[in-house]
Amino acid sequence: MEKVAIVTGGSRGIGESICEEFINNGYKVILNYRNSYEKAIKIKEKLGENLFLIKADVGNLEEVKVMADFCINQFGRIDVLVNNAGISQIKPFADITEEDWDEMIRVNLKGVYNTTKAVIDLMIHQKYGKIINISSIWGEVGASCEVHYSTAKAGVIGFTKALAKELALSNIQVNCIAPGIIDTDMNAEFNKEELKKEVPSEKLGTPKDIAKAVLFLASDDANYITGQVLGVNGGM
Ligand code: NAP
């Protein structure tokens, strides 16, 4: 039986690579995007008929429910949810406005609540599910000038650990990946050579480094792993 995965924020960077990895391993994949329609179409052309594009703002529960309903109607099951969609912003705390704060929490933390809420009844009914949340190393150790981002990503870790305990008996595993510095649009404004100096391996991570870890956590080889935070960070 082909497994079905939803990947939020699949139109660029890490999410795109996760979609590719799932397709190459026989999954049916719902690629969620918000703004990057042209990029999503190009990925669809590349990855083919087992990839389905759904536009939804993860911060909007109604839009997310439409996405989950499409998946349920089309396939009758959802095996994997990857909460990858995210935004970042670099600002000293003193300059973070209430709007900045609310938007960061809405997308990066409430988005995880929304998508999980939309799929969880089905996963419990199936007695099978893998939820993989993309947090960040900054959610573990904190990043200067990213207090709102670090807070949201720390929240994702708490969410993961608590939900893992609650759903373990339903055979649903909930885990987190905490990437270090990955070479995507999110870091485009930084000097790459300077960034590498932050990493013990002196290399930036690639989206594929994260996608391979996601594929493992989504697999039945990881059935006894739940409530964990897997750092993929070159030793940071
Ligand atoms: P990216 O290249 O900026 O891509 C972000 C993705 O998230 C895009 O596909 C974007 O979709 C989507 N997205 C943003 N807001 C959304 C919303 N409200 N609803 C639905 N989709 C939304 O970022 P990335 O580097 O691949 O990051 C992916 C995840 O890894 C994020 O959660 C990020 O915080 C985390 N992370 C990244 C790094 C890093 O160094 N890059 C490190 C640690 C953690 P559209 O373009 O279609 O709007």
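Relevant structure appears above.
Residues numbered from 1 in each chain as written. Predicted model: local features only at pLDDT ≥ 70, side-chain atom pairs only at ≥ 80, totals over all residues. Heavy atoms only, no water.

With respect to the environment of Ile124
Inclusion rule: Put simply, DSSP H or I for four residues or longer makes a helix, DSSP E for two residues or longer makes a strand, and each gets a number counted from the N terminus. Any two residues having at least one pair of non-hydrogen atoms within 4.5 Å are treated as being in contact.
If you trace the backbone, Ile124 turns up in helix H4 (residues 98-126). In this structure, the C-alpha to C-alpha distance between Ile124 and Leu167, residues 43 residues apart in sequence, is 8.0 Å. Not counting residues up to four positions away in its chain, the partners in contact with Ile124 are Leu167, Ser170 and Ile172.

Structural notes on the site of the ligand
Where we set the bar: If even one non-hydrogen atom of a residue comes within 4 Å of a molecule or strand, that residue is called near it. In the analysis that follows, any N or O atom pair within 3.5 Å is treated as a polar contact, provided that within protein one partner can donate a hydrogen and the other can accept it, and provided that, for residues neighboring in sequence, both atoms belong to side chains. All accessible-area figures derive from a Shrake-Rupley calculation using a 1.4 Å probe, and residue coverage is judged against the displayed protein chains alone. Grid spacing is 1 Å over the protein atoms alone, the probe is 1.4 Å, and a cavity is where that probe fits but cannot get out, while a pocket is an open set with protein on both sides within 12 Å along at least five of seven lines and lining residues have an atom within 4 Å of a point. Pocket occupancy is defined atom-wise: a molecule lies in a cavity or pocket when more than half of its atoms are within 2 Å of its grid points. Polar here means any residue other than Ala, Val, Leu, Ile, Met, Phe, Trp, Tyr, Cys and Pro, which are nonpolar, and Asp, Glu, Lys and Arg, which are charged; Gly is therefore polar.
The full set close to the ligand counts 32 residues, and Ser36, Asn84, Tyr149, Thr184 and Asn187 are the nearest of them. At a separation of 3.5 Å, a nitrogen atom of the ligand approaches a polar backbone atom of Ala56. Contact distances for the ligand include 2.6 Å between an oxygen atom and a side-chain N or O atom of Tyr149. Protein contact buries 96% of the 900 Å² of open area that the ligand shows by itself. At a threshold of 2 Å from the grid points, most atoms of the ligand map onto the largest pocket. Broken down by secondary-structure element, the contributors of at least two residues to the shell around the ligand are helix H1 (13-24), strand E2 (28-33) and helix H6 (147-167). Broken down by class, the residue content of the shell around the ligand amounts to 13 nonpolar, 14 polar and five charged.

A closer look at the packing of helix H3 (residues 61-75) against H4
Basically, it comes down to this: Lines fitted to the C-alpha atoms define the axes, with helices restricted to the stretch that makes contact. Angles between their N-to-C directions range from 0 to 180 degrees. When the near helix sits turned anticlockwise from the far one by under a right angle, the crossing is termed left-handed; a clockwise turn instead gives a right-handed crossing.
Contact geometry for H3 and H4: axes closest at 8 Å, N-to-C directions at 35°. Regarding H3 and H4, the two cross each other, and that crossing is right-handed. From H3, Leu61, Val64, Lys65, Met67, Ala68 and Ile72 reach across to H4, where they touch Asn114, Thr115, Ala118, Val119 and Leu122. Per-class residue counts for the contact of H3 with H4 are eight nonpolar, two polar and one charged.

Here we look at the layout of surface pockets
Picture a little ball the size of a water molecule; that probe, rolled over the atoms, points out where space is still empty. Spelled out, the test is: Grid points are joined across faces, edges and corners, and a volume is the space filled by probe spheres set on the points.
Put simply, the largest pocket is a space of about 1100 Å³. The wall of the largest pocket is formed by 44 residues, among which Gly86, Ile87, Ser88, Thr184 and Met186 lie closest to the centre. Those elements giving two or more residues to the lining of the largest pocket turn out to be H1, E2, H6 and helix H7 (192-196). For the lining of the largest pocket, the element with the most residues is H1, which contributes three residues. Counted by class, the lining of the largest pocket contains 19 nonpolar, 16 polar and nine charged residues.

Details of the nonpolar core
In a soluble, globular protein the nonpolar side chains are often hidden away together inside. Here is the rule: Working definition of a nonpolar core: buried Ala, Val, Leu, Ile, Met, Phe, Trp, Tyr and Cys residues. They are joined through side-chain atoms within 4.5 Å. For the exposure calls, accessible area comes from a 1.4 Å probe over protein chains only, and a residue counts as buried if that area is under 20% of its type's maximum, exposed if over 50%, partly exposed in between.
Judged by nonpolar contacts, the single largest core of 30 residues is most densely connected at Phe22, Ile177 and Val214. Those elements giving two or more residues to this core turn out to be strand E1 (4-7), H1, E2, helix H2 (37-47), strand E4 (80-83), strand E5 (129-134) and helix H8 (207-218). With seven residues, the top contributor of residues to this core is H8.

As for empty space enclosed by the protein
Going through the model one piece at a time under the given rule, you end up with one cavity of 30 Å³ or more. In this structure, the largest cavity spans a volume of roughly 60 Å³. Thr8, Val58, Asn83, Asn84, Ala85, Val107, Asn108, Gly111, Val112, Ile134, Lys153 and Val156 are the residues that line the largest cavity. When contributions to the lining of the largest cavity are tallied by element, the ones reaching two or more residues are H4 and H6. With four residues, the top contributor of residues to the lining of the largest cavity is H4.

Read these as spatial facts, not as claims about activity.
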